[in-house]
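Single-letter residue listing:
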Amino acid sequence: MTRMKRTLGPAWPFVCFLLLNLLLLSLSRLGLALWQAERVTDTGGWAHLLLQGLRVDVSTLSWLFGVPMVFTMLLAHGHALGRGWLWLMRVWLVAGSVLLLFMELATPAFIETYDLRPNRLFVEYLIYPKEVFGMLLQGHLVALLVVGLVLPLATWGFWRVSARVCRDLSYPRLYWRPVLMVLVLAIGLLGGRSSLGHRGLNPALVAFSTDPLVNSLVLNSAYSVGFAVKQLGKEENASALYGKMDEEALLATLREASGRPASDFVSATLPTLTRNQASFRGKPKNLVIILEESLGARFVGSLGGKPLTPNLDRLAQQGWMFDQLYATGTRSVRGIEAVISGFTPTPARAVVKLDKSQTGFFTIAQLLRQQHYSTSFIYGGEGHFDNMASFFLGNGFEKIIDQRDYTQPEFVGSWGVSDEDLFNRAHQEFEYLSKSEQPFFGLVFSSSNHDPFEFPDNRIELYEQPKQTRNNAAKYADYALGRFFEQAQQSDYWQDTLFLVVADHDSRVYGPELVPVKNFRVPGLILGQGIAPQRDTRLVSQIDLAPTLLSLMGIDSDNPMLGRDLTRLPADAPGRVMMQFDKNFALLDGEQVVVLQPEKEALGFSYSFDTQQLSPAPIDPALLQTAKAYALWGSMAYNRGLYRLPEPEQALAQAPVATTRAE
């Protein structure tokens, strides 16, 4: 050991910490794999997971320690400057090691929530410390305590080790140092890239199974988050992941998939702008959209789920209930994107959070503002969360009501006031607007059904013990929803208002499939005066809701939405849904499924609605073409500013349909 230490000289501390961290990361991966042993075994991937995981760890440590090691070969010495640099080197080694350990300690709680290693969401949530710390304190206290106990001890231990390995180092002669710098740099770059090919190591290169969690276990959490941060700056472009497609063919495919005649497409500059005539021809109605947080179909009794939603089940008998409605993603902002804008999902962040969509991006609020509607977003938490307030105010919403606007709320939790407070305030707002004869559109976004599942006492008969569970929170959310509709149905605005109740996404999307289809199914219900009770068994996407609502409201418009007006489709018309799960895009059409993966061949499956399972199947070339067109359109439309209403002079040139309100 002494001889090796003398040979390696100032590189010795780095080699020691490299081996130490390789051991820690490998043990962490092995522990996580044993925790998920059934899923790892089903993929037959134990050897791949551990060996390729070692490759990822070497790459991570090469990037983390390579740069300071290069400078150490030049600067480390026994003189004052060299001793100062050695101290900084120790700080770097310890801080880097603590960071790696912290990410691994945080991983089990993240997997429990998202069924993946920490990724982009981990970074995005860091800018909301109040909400996140409250959630951790209430829902993940054990994990918080473990991290709080282990990290200080680990920091002390790493510092002791660094002192030991940095003691009595030998230093190369001055003329050898540039040579050693170049050698270390070359080795570090080779280790970091982990490939001699055109592209270096990336998650797609080591992915091997159809189970996203198992693929993520191959990585380490620091690498997973680091790669996500790197992508944030440029955002994922779908064509870079799924392959390019001729633009003319893409647009032709989208138009054919819409099932609409070419004459409905009315703009040469906005490819998806269509002319739409409402099916309802009376006085245009008000609109209220209630976006329920994390209420997947598995919590809804009338959809075959747990008996947690007696009020929603009762209301389902009074309105238009969708039996096979599917969310486009797994985040609230993705649900907002689909329901409010009718925008197709992309592998990038939802448009709610992207720079180019903060103004001039199509939403139904923007369209209704042109019809002189009052438009508002009503939320129980802080409106800035997930950049919602900025996006809404820049795209048609004139008023934001959030946690600051509630006086003496009955209950306040980590994510804001309770759903009861939220709905009471919404009811007051709608009554006021109704009395002032101001047509209105309100987006009401609930939050009580969110980890750590805090809600008032003595409101519901608990489904299970202890109180703060996912199931109990879902039951409370239904209780608050039922109370709101009791008020609304007795109000003056009921007869003039159309209501949509829909979930943004399921509470936890997980499973061994590339896209766990069953966890994208959510409830959707349209209610209001004149809406006939019916159960709709067609496949419906969240992007179909906005066009359908405008039609039921009596609003004629030219708009860029690709969703379908369900009032104008035959009852037996086949549907299609699209789902984005991390970087995987799926199109479900009938029982056929196409899944697009980053930098890999598309895969075909058959989906059983009875067993809710995917089984491999040949790909229909036409369906693959359609899936690719849908997947690429969102990135293209966002980057080129194609998803918007026409400018006033363009609208006049296109002679839009009449949109005046009937008297």
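Everything below is about the structure printed above this text.
Please read all numbers here as calculations on a predicted model, not as lab measurements.

### Re the overall build of the chain
Link 1 in the chain: Scanning the chain from terminus to terminus reveals 23 helices and 17 strands.
Link 2 in the chain: Radius of gyration (C-alpha) of the chain: 28 Å, near the 26 Å computed for a compact globule of 663 residues.
Link 3 in the chain: Each principal axis of the C-alpha distribution contributes one length, and for the chain these read about 95 × 60 × 50 Å.
Link 4 in the chain: A burial count over the chain gives 59% of its 663 residues as buried.
Link 5 in the chain: Considering only contacts within the chain whose residues lie at least 6 apart along the sequence, 74% involve residues at least 24 apart.
Link 6 in the chain: Roughly 27,900 Å² of accessible area belongs to the chain as shown, and the carbon and sulfur atoms make up 58% of that amount.

### A look at empty space enclosed by the protein
Link 1 in the chain: Using the criterion set out here, one finds four cavities of 30 Å³ or more in the structure.
Link 2 in the chain: Of the pockets and cavities examined, the largest cavity occupies roughly 80 Å³.
Link 3 in the chain: If you go around the largest cavity, you meet 14 residues; those closest to its centre are G413, W415, S447, S448 and E454.
Link 4 in the chain: Across the lining of the largest cavity, the residue classes break down as five nonpolar, seven polar and two charged.

### Examining the packing of aromatic side chains
Link 1 in the chain: All chains considered together, the criterion is met by 31 aromatic pairs.
Link 2 in the chain: When the ring of F430 is compared with that of F440, the centres are 5.1 Å apart and the planes differ by 5 degrees; the resulting orientation is stacked. In this pair, F430 is assigned in helix α19 (residues 419-435) and F440 in strand β8 (residues 440-445), connecting sequence segments ten residues apart. In this structure, F430 and F440 share a single accessibility class: buried.
Link 3 in the chain: Members of the aromatic cluster, joined through ring pairs, are F343, F361, F362, F377, Y379, F391, F392, F397, F441, F445 and Y643.
Link 4 in the chain: It is K285 that lies over the ring of F280; its NZ or CZ is 4.9 Å from the centre.
Link 5 in the chain: Seen from the ring of F455, K467 lies directly overhead, with NZ or CZ sitting 4.7 Å from the centre.

### A few points about the pattern of salt bridges
Link 1 in the chain: Per the stated rule, a full pass over the model turns up 25 salt bridges.
Link 2 in the chain: A salt bridge links E647 to R644; the shortest N-O distance between them is 3.8 Å.
Link 3 in the chain: Assessed through its relative accessible area of 22%, R644 is described here as partly exposed.
Link 4 in the chain: Put simply, E410, E420, R459 and R483 are held in one network by salt bridges that share partners.

### Description of helix α22 (residues 621-640)
Link 1 in the chain: Compared with an ideal rise of 1.5 Å per residue, which puts 20 residues at 28 Å, α22 spans 28 Å between its outermost C-alpha atoms and is within 8% of the ideal.
Link 2 in the chain: A maximum bend of about 30 degrees is found in α22 at W633.
Link 3 in the chain: By the N-cap criterion, in which a side-chain oxygen at the helix start approaches the backbone nitrogen of a residue two or three places on, α22 is capped by D620, the distance to A622 being 3.0 Å.
Link 4 in the chain: A positive backbone phi angle near 65 degrees is found at G641, which sits one or two residues after α22.

### Describing the sheet that holds strand β4 (residues 374-379)
Whenever strands of a sheet pair, they do so through backbone hydrogen bonds, lying parallel or antiparallel.
Link 1 in the chain: On the basis of which strands lie adjacent, the open sheet formed by eight strands has the order β5-β4-β8-β2-β9-β10-β3-β11 and mixed pairing. Of all the strands in the sheet, just β5 (399-401) and β11 (534-541) have a single pairing partner and so form its edges. Direction aside, neighbouring strands of the sheet carry axes that sit 15 degrees apart on average.
Link 2 in the chain: Pairing analysis gives seven bridges linking strand β2 (residues 286-292) to strand β9 (residues 497-503), with the strands arranged parallel. From the neighbouring strand, L287 faces β9, where its bridge partner is L498.

### A look at the pairing of strand β10 (residues 521-528)
Link 1 in the chain: A large share of β10 lies buried, amounting to eight of its eight residues.
Link 2 in the chain: Alternating positions in β10 separate into two faces, R521, P523, L525 and L527 on one and V522, G524, I526 and G528 on the other, with burial throughout.
Link 3 in the chain: With five bridges connecting them, strand β3 (residues 320-326) and β10 associate as antiparallel partners. Counted as the bridge partner of M321 is L525 from β10.

### Overview of the sheet that holds strand β17 (residues 613-616)
Link 1 in the chain: The five strands are arranged β13-β14-β15-β16-β17 in an open sheet whose pairing can be described as antiparallel. Single-partner strands in this sheet number two, and they are β13 (576-581) and β17. Across this sheet, the average inter-strand angle for adjacent strands is 30 degrees, counted without regard to direction.
Link 2 in the chain: Here β13 pairs with strand β14 (residues 584-589) via six bridges, running antiparallel. Within β14, the position partnered with R576 by the bridge is D589.

### Side note on the state of the cysteines
Link 1 in the chain: Summed over all chains, the structure comprises zero disulfides.
Link 2 in the chain: Not part of a disulfide, C16 finds its nearest cysteine sulfur in C166, a span of 8.8 Å.
Link 3 in the chain: Look at C166 and you get buried, because its relative accessible area is 11%.

### Observations concerning the packing of helix α14 (residues 247-258) against α22
To describe two helices that pack against each other, one gives the angle between their axes and the distance between the axes.
Link 1 in the chain: Across the interface, α14 lies against α22 with an axial gap of 9 Å and an inter-helix angle of 110 degrees. The orientation of α14 relative to α22 falls into the category roughly perpendicular. Classified by chirality, the crossing of α22 by α14 is left-handed. Contacts between α14 and α22 involve E247, A249, L250, L251, T253, L254 and A257 from the former and Q625, T626, A629, Y630, L632, W633, M636 and R640 from the latter.
Link 2 in the chain: For the contact of α14 with α22, the class distribution of residues is ten nonpolar, three polar and two charged.

### Regarding α19
Along an α-helix, residues three or four positions apart point the same way, because every turn accommodates 3.6 residues.
Link 1 in the chain: Between its terminal C-alpha atoms α19 stretches 24 Å, which fits the 24 Å expected from 17 residues at 1.5 Å a residue.
Link 2 in the chain: Of all 17 residues making up α19, twelve are buried, and the element is well covered by its neighbours.
Link 3 in the chain: Within α19, burial applies to D419, E420, D421, L422, F423, N424, R425, A426, H427, E429, F430 and L433.
Link 4 in the chain: Elements in contact with the buried residues of α19: β2, β4, β5, β7 (416-417), β8 and α20 (470-488).
Link 5 in the chain: Backbone geometry just downstream of α19 places E437 in the positive-phi region, at approximately 55 degrees.

### Quick notes on the nonpolar core
Link 1 in the chain: The biggest cluster of nonpolar side chains holds 122 residues, and the ones touching the most others in it are I289, I364, F441, F485 and W633.
Link 2 in the chain: Top contributing element to this core by residue count: α22, with ten residues.
Link 3 in the chain: Excluding anything up to four places from it in sequence, F441 contacts L287, I289, I340, I364, A365, L368, Y373, S374, T375, S376 and F397.
Link 4 in the chain: Counting residues in each nonpolar core, the second largest holds 36 residues, with W12, L86, V94 and F110 among its members.

Reading guide: rules and limits
Residues numbered from 1 in each chain as written. Predicted model: local features only at pLDDT ≥ 70, side-chain atom pairs only at ≥ 80, totals over all residues. Heavy atoms only, no water. Helix = DSSP H or I, 4+ residues; strand = E, 2+ residues; numbered from the N terminus. Rg over C-alpha atoms; globule rule 2.2 N^0.38 Å. Buried < 20%, exposed > 50% of the residue type's maximum accessible area, 1.4 Å probe, protein only. Contact = heavy atoms within 4.5 Å. Areas by Shrake-Rupley, 256 points an atom, 1.4 Å probe, with all protein chains shown as cover. 1 Å grid on protein atoms, 1.4 Å probe; cavity = no way out; pocket = protein on both sides within 12 Å on 5 of 7 lines; lining within 4 Å. Points joined across faces, edges and corners; volume = space filled by probe spheres on them. Nonpolar A, V, L, I, M, F, W, Y, C, P; charged D, E, K, R; others polar. Phe/Tyr/Trp six-rings, centres within 6.5 Å; stacked < 30°, edge-to-face > 60°. Lys NZ or Arg CZ within 6 Å of the ring centre and 35° of its normal. Salt bridge = Lys/Arg side-chain N within 4 Å of Asp/Glu carboxyl O. Expected span 1.5 Å × (residues − 1). Bend = angle between axes of the 7 residues up to and from the residue. Polar contact = N/O pair within 3.5 Å; in protein donor to acceptor, adjacent residues only side chain to side chain. Pairing = 2+ DSSP bridges. Axes fitted to C-alpha atoms, helices over the stretch in contact; angles between N-to-C directions. Disulfide = S-S within 2.5 Å. Parallel < 35°, antiparallel > 145°, perpendicular 65-115°, else oblique. Left-handed = near helix turned anticlockwise from the far one by under 90°. Core = buried A, V, L, I, M, F, W, Y, C linked by side-chain atoms within 4.5 Å.

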